[in-house]
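# Architecture at a glance
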Amino acid sequence: MSPTNLHMYALATPLIGAFAVMVLGRYSRRAVAPIVLGVLSFSFAAALTVFLQVLSGGGFRYVVGNWLAPYGIELSVDHLGSLMQVLVSGVALTASVSALKSVANDLQDRQHLFFTLYLILIAGLHGLVLTADAFNVYVLLEIASITAYGLIALGRGRAIVSSFNYVIMGSTGACFYLLGIGYLYILTGTLNMADLARIIPTLQSGPALATAFSFCIVGLWIKMAFFPLHVWLPNAYSDMPDGAAVLVAPLMTKVTIYLMIRFMFSIFSPAYEFIQHAGVQQIVVGMAALGIVCASAMALGQKNLRRMLTYLIIAEVGYMVGGVWLANTQGLTGAILHIVNDALMTLCLFLAVSAIASRAGALDFESLRGLFRRMPVTMAALVVAALSMIGVPPTCGFFSKWYLLLGGIQAGQWLYVGALIFSSLVNAVLFFRVIEIAYFRTPDEGAHGSGHEAVPIREAPAAMLQPLVAAAAALVVVGLATGPLVQHVIRFALPGGF
Amino acid sequence: MNLQPSTWPLAAVLISLLGTVPILLSERRPNLRETWTVLISLGKFAIIASMLPAVLEGGGYRFTLAEVLPGVAIALRVDAMGMYFALVASFLWILTSIYSIGYMRALDEHDQTRYYASFAVAMSATIGVAFSANLLTLYLFYEMLSLSTYPLVTHKQDAEARSAGRKYLTYLLGTSVALTLPAMILIYVLTGTLDFSVGGILAGKADASTVSILLVLLVFGFAKAAVMPLHGWLPAAMVAPTPVSSFLHGVAVVKVGVFSILRMVFFIFGTGLLADLNLGAVLTALASVTILGASLVALTQDNLKRRLAYSTISQLSYMILGAGMLTTAGMAGGLLHLSMHAFGKITLFLCAGAIYIAAHKSNISEMDGLGRRMPVTYAAFFMASLSIIGMPPMGGFLSKWSLVVGAIDGGQLLLVAVVLVSSLLSAAYFFPIVYRGFFARAAGENGPEEIREAPILCLIPLSVTALFCLGLFLWPSLALQLIQMVVSP
Amino acid sequence: MDAILTEIIAKYNYWIYVVLMMIGFYAMIGKNNLVKKLLGMNIFQTAIILMFISAGVKKGGLIPIIDKQAALEHGVNSALINNPVPHVLMLTAIVVSVSVTGVALALMQRIYRRYGTLEENEILEKMDR
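Residues numbered from 1 in each chain as written. Chains lettered and ligands numbered in written order. Predicted model: local features only at pLDDT ≥ 70, side-chain atom pairs only at ≥ 80, totals over all residues.

All right, on to the overall build of chain B then. Looking only at helices and strands, chain B has 20 helices and 3 strands in total. Relative to the compact-globule value of 23 Å for 489 residues, chain B shows a C-alpha radius of gyration of 21 Å, a close match. Judged by the C-alpha coordinates and their principal axes, chain B covers about 70 × 55 × 45 Å. Buried positions account for 62% of the 489 residues belonging to chain B. Counting only contacts in chain B whose residues sit at least 6 apart along the sequence, the fraction spanning at least 24 positions is 80%. (Helix = DSSP H or I, 4+ residues; strand = E, 2+ residues; numbered from the N terminus. Rg over C-alpha atoms; globule rule 2.2 N^0.38 Å. Buried ≥ 20, exposed ≤ 12 C-beta atoms within 10 Å, placed from the backbone. Contact = placed C-beta atoms within 7 Å.)

Following this line, the structure appears as structure tokens:
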């Protein structure tokens, strides 16, 4: 196991684990948990090692199977990719602890199938953050999506229909992306990102290149549920089994945003006229602002905690897309930071949702009454995540919002700045509404009046609490570590020209 | 100023935050829990007091936790202004803790553990604000204070508490996110730093209109200072148990708001800049309106705690008024009023609580004749109201005197009139209470015969604070020395 | 008019794929029946595959299977050989598209078992109940 191969092992172990779970899990249900946890712990450790290597020794490019680029497949292990790999593997490991418990409750004898898909999805995400080939992005994106379709379909109620709608929308997005790649290939004759980046500036053909760019970007927007291409997300994410939601909700949209950053700045460059075009910037950032406002407003209309969160994911996508398209250092720093932070926040929120669901059953606001007494730890973690979503220091949400606001001010995008502040206020309203219900109303209010009598504490199982507390702690730790994170990682992750 | 690196500021902030752990763990043993609370409050005061000599020598301490943004760290520093506020707050916390024990046990309140734990967190946040080295750290602790006091405000957990809690967070969180945060970012964009430094950081970095926008954003953004029209949360918060109202909404929370605004005036804007741009008038105008408006509303309130709340709103603006005068005497008066009002108002609230425990009455119109049954409480109430009105021989006289001198120095005779008129108004809303207590006859057969004084644990703190109102008039040197270091560095 | 016509005829392969794509896209978005949606998706994907393939073809090009010995001796005249890369890419794309279709068909079966129909509006009606 040479040290330069570690990132490959981080990618490959979930894939191998997926088959192991498939085969062994069929015979013994008890084989599932050790395999999943073992594989993901290894993957996380490997990703972390690679990340530390990259921090000390700088990024490198890796050629798979000795077929030299641009013909062979290349992986790029740089600061940004490596950071994302740590994020993906860390979130996956944390989520899986909780998922093992909730899936054991939800899908008794189909656990091994669930975790087969689960691990392939993780392998796909690992691939996405490392690949340096534009076509591979398409393939890996579909691997991640197809497994996600399957995971969603395992959910409750109308999950199958939501999953089918997601198939249609997701495939449309993938087709758009593939179409764009087709244009790029016809124009340049290569699919390697570095090669593309070398050739594109020499091209003359404006409209064709712009078409390629727009097709790819729109395709990615559909995949990440950027407003107004978001309609598939709320149903799909709220009908998923909780075990899948804790993985998919934090990672899928965030990784797609990472891909957009890669596409815009590793294939194209910040100097590309379409990105620099003031009108285009105005429109995209304006759309992001509109998306933030609309998604926040729609979240206000929800009566179910899980559904409310899905709309918040859409709002957060607006944060990041807007931040990237501000096209200045602060904005892009904020967007990258927010990818990390939002992944952690969403993880914490969905872990809390999963824990609440395991005890309270339903998640509509009425069934949250009196939860502070019954599940104090879970609610405390939910409050931390809520503070981060609102943007209260020292939680990490504050700092990425800070950079995004700075970027917005620098670019003079006042609409976007206003939308960010509006969304903070709406988040405050949303979460305090939930907290108020959980804090004030006791479940048997009708029978006992105001009811201060002791309600027994009935916390979620430890396997769900531990990851939740870890995620909540991570929100504060990452918040306090923002300085070093920006200085030692994200500064290097910014593409040349920034 | 020579600030030594030290972990003492951190210890001063953290002791009560970490203190929540033993408090929560001893939930089933109330005596142990209350012992912890008192010990922690004593420890906190001791740590803060131990840093006093260095501050008096013109030095201080600093502590940097982490640099989170380029040029901005989460950092603490102990200087004269922070020390002044921290001393007052931590000293009064000891008394409030003792009083809380008496009050909560006398009323047999529910969820006492949560109460003491939240109180300790709130105290950490208060000292954190006092010792913040920059605007970001201050904002952090400011928000922490808003959130940690929410369970205290809504302690009763009934419908009234719920709507009060809603109002509380809407005002405090809403303004800080919508006004303070943008102002903070704007300052960062303009100057590249958020550090508090003597003489301000904005001079030469921003034009007059930007500075005035920032000033308005920050005065209203720190809504804890309850400058009208953002004062509505304070009367609503009076549904909280009385020790909370007395300490948090007479001292800690509201003074944190004022303290933050004063920090901005002295260390972000700089009094020189405000004087050059003639912006002191913005502060004095807003403050004057609040002083007079709130005094008038206080006259109409029958609920004792609500009357005190409006009185607080009015008195808080004295401090902003003093800062807005931009004269040495005026600023000193404003700062001095911070401690004078703290001791006076906490006494009044503690008395209100004692009356509630002893007689279960909260409306002034029902309090006829109570003074003869509760002479200690009413005597303390009388002394404290004299201090708030500003009559010698009480501490409040010194601060009002200094304010009047400051106004005359600055040639702002209108402000002299504001101070005098509002003093008359405060006399008009305090004296009837005392008069009714001692001289009015109770109507009906349900006379106050069976009413006795509140428990001894309640009486001691309020007597101590009342005596301090007197003591601060006779020996104000420590406060004056610290204030002098702030206003003429 | 003539110029446009020549343009269309000269690049007829691209026009075919554009037309196919629009048909597919319309079916995906506009049709009520889930099978038709899926068919639309397949047509869409086929159109893209056609585009890639036709981009790799050269007039009179040979199949890209080359004798190693000859290539080493004389070199390769790439103008005479069709570009194999798009074909390879599209093999992968076909695999992806088949997998997605498979998943979608499986989902559709379960939808039919549960709701007894594949018309979207009827499913929505039954869902509300």
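Here we come to the packing of helix H5 (residues 112-130) of chain B against helix H10 (residues 242-269) of chain B. Residues and elements named next belong to chain B. Interhelical geometry of H5 versus H10 gives an angle of 30° and a closest axis separation of 10 Å. If you check the angle between H5 and H10, you find them roughly parallel. Along this stretch, H5 crosses H10, giving a crossing that reads as left-handed. Of the residues in H10, those in contact with Ala122, Thr126, Val129 and Ala130 of H5 are Leu248, Ala252, Val256, Phe259 and Ser260. Each residue belonging to the contact of H5 with H10 can be placed in one class, and the counts come to 7 nonpolar, 2 polar and no charged. (Axes fitted to C-alpha atoms, helices over the stretch in contact; angles between N-to-C directions. Parallel < 35°, antiparallel > 145°, perpendicular 65-115°, else oblique. Left-handed = near helix turned anticlockwise from the far one by under 90°. Nonpolar A, V, L, I, M, F, W, Y, C, P; charged D, E, K, R; others polar.)

This brings us to the pairing of strand E3 (residues 72-78) of chain B. Residues and elements named next belong to chain B. Of all the 7 residues making up E3, 6 are buried; the element is thus mostly covered by neighbouring parts of the structure. Examined bridge by bridge, strand E2 (residues 59-69) and E3 share 7 bridges and lie antiparallel to one another. The residue bridging Ala66 from the neighbouring strand is Ile74, located in E3. Connecting E2 to the next strand, E3, in antiparallel fashion are 2 residues, including Gly71 with a positive phi near 85°. (Pairing = 2+ DSSP bridges.)

A word on the interface of chain A and chain C. Counting residues at the interface gives 21 residues for chain A and 25 residues for chain C. Sorting the residues of the side of chain A that touches chain C by element identifies helix H5 (134-153) and helix H6 (159-188) of chain A as the ones contributing at least two each. Here the side of chain A that touches chain C gets 13 residues from one element, more than from any other, and that element is H6 of chain A. Its residues assigned to classes, the side of chain A that touches chain C shows 14 nonpolar, 5 polar and 2 charged.

Next up on the list: the nonpolar core. All names here are of chain A. If you look at the biggest cluster of nonpolar residues, it comprises 438 residues, and the most contacted ones within it are Leu344, Cys348, Ala352, Ala385 and Leu475. The leading source of residues in this core is helix H14 (residues 329-360), at 20 residues. When neighbours within four sequence positions are excluded, Ala352 is seen to be in contact with Thr378, Ala381, Leu382, Ala385 and Leu468. (Core = buried A, V, L, I, M, F, W, Y, C linked by C-beta atoms within 7 Å.)

Here we take up the arrangement of the chains. With 2 pairs of chains in contact, the largest contact count belongs to chains A and C. For the non-touching pair chain B and chain C, the nearest C-alpha separation works out to 35 Å.

Time to look at the interface of chain B and chain A. Counting from both sides, the interface comprises 21 residues of chain B and, opposite them, 21 residues of chain A. Those elements that provide at least two residues to the side of chain B that touches chain A are E2, helix H6 (135-153) and helix H7 (159-191) of chain B. Among the elements that line the side of chain B that touches chain A, the one with the most residues is H7 of chain B, at 9 residues. Broken down by class, the residue content of the side of chain B that touches chain A amounts to 14 nonpolar, 3 polar and 4 charged.

Looking now at unusual backbone geometry. At the junction of Met228 of chain B and Pro229 of chain B, the peptide bond is cis and its omega measures out at 10° in the coordinates. Looking at the secondary structure, you find Pro229 of chain B in the loop between helix H8 (208-221) and helix H9 (233-236). Of note, the bond from Pro392 of chain B into Pro393 of chain B is cis; its omega dihedral lies within 30 degrees of zero at 5°. Although it is not a glycine, Ala327 of chain A sits at a positive phi angle of roughly 55°. Turning to its location among the elements, Ala327 of chain A is positioned in the loop between helix H13 (305-325) and H14. For Ala327 of chain A, a count of 23 C-beta atoms within 10 Å corresponds to the buried category. Residues other than glycine seldom take positive phi values, yet Leu326 of chain B does so here, at roughly 65°. You can see Leu326 of chain B is positioned in the loop between helix H13 (304-325) and helix H14 (328-359).

So, on to the confidence of the model for chain C. All names here are of chain C. Per-residue confidence for chain C gives a mean pLDDT of 85, with 99% of residues at or over 70. Element-level pLDDT for chain C is lowest in helix H1 (residues 2-10), with a mean of 79, against a maximum mean of 90 in helix H5 (residues 85-115). At the level of chain-chain contacts, confidence expressed as ipTM amounts to 0.90, with global pTM at 0.89. (pLDDT = per-residue confidence, 0-100.)

Residues and elements named next belong to chain A. Helix length check: helix H3 (residues 79-106) (28 residues) gives 38 Å between terminal C-alpha atoms against 40 Å at 1.5 Å per residue, within 8%. At Ala99, H3 shows its maximal kink, close to 30°. With 26 of 28 residues buried, H3 is to be regarded as a mostly interior element. (Expected span 1.5 Å × (residues − 1). Bend = angle between axes of the 7 residues up to and from the residue.)

Turning our eyes to something else, we now look at the sheet that holds E3 of chain B. Residues and elements named next belong to chain B. Strand order in the open sheet made by the 3 strands is E1-E2-E3, with mixed pairing throughout. Of all the strands in the sheet, the pair left with one neighbour each is strand E1 (2-5) and E3. If you compare each strand with its neighbour and ignore which way they point, the axes differ by 40° on average. With 4 bridges connecting them, E1 and E2 associate as parallel partners. Bridge pairing in E2 places Leu3 opposite Gly60.

It is worth spelling out H5 of chain B at this point. The end-to-end C-alpha distance of H5 of chain B, which contains 19 residues, comes to 27 Å, matching closely the 27 Å that a straight helix rising 1.5 Å per residue would cover. Counting buried positions along H5 of chain B yields 17 of 19 residues, so the element is predominantly enclosed.

The next point concerns the environment of Phe42 of chain A. Residues and elements named next belong to chain A. Its location among the elements puts Phe42 in helix H2 (residues 32-57). On the basis of neighbour counts, which here come to 17 C-beta atoms within 10 Å, the residue Phe42 falls in the partly exposed class. With 119 residues separating them along the chain, Phe42 and Val161 place their C-alpha atoms 36 Å apart.

So, about the environment of Thr284 of chain B. Residues and elements named next belong to chain B. You can see Thr284 is positioned in helix H12 (residues 280-300). Given 26 C-beta atoms within a 10 Å radius, Thr284 is considered buried. Considered as a pair, Thr284 and Ala323 are 39 residues apart in the sequence and their alpha carbons are 8.1 Å apart. Not counting the four nearest positions on each side in its chain, Thr284 is found in contact with Leu321, Gly324, Met325 and Leu415.

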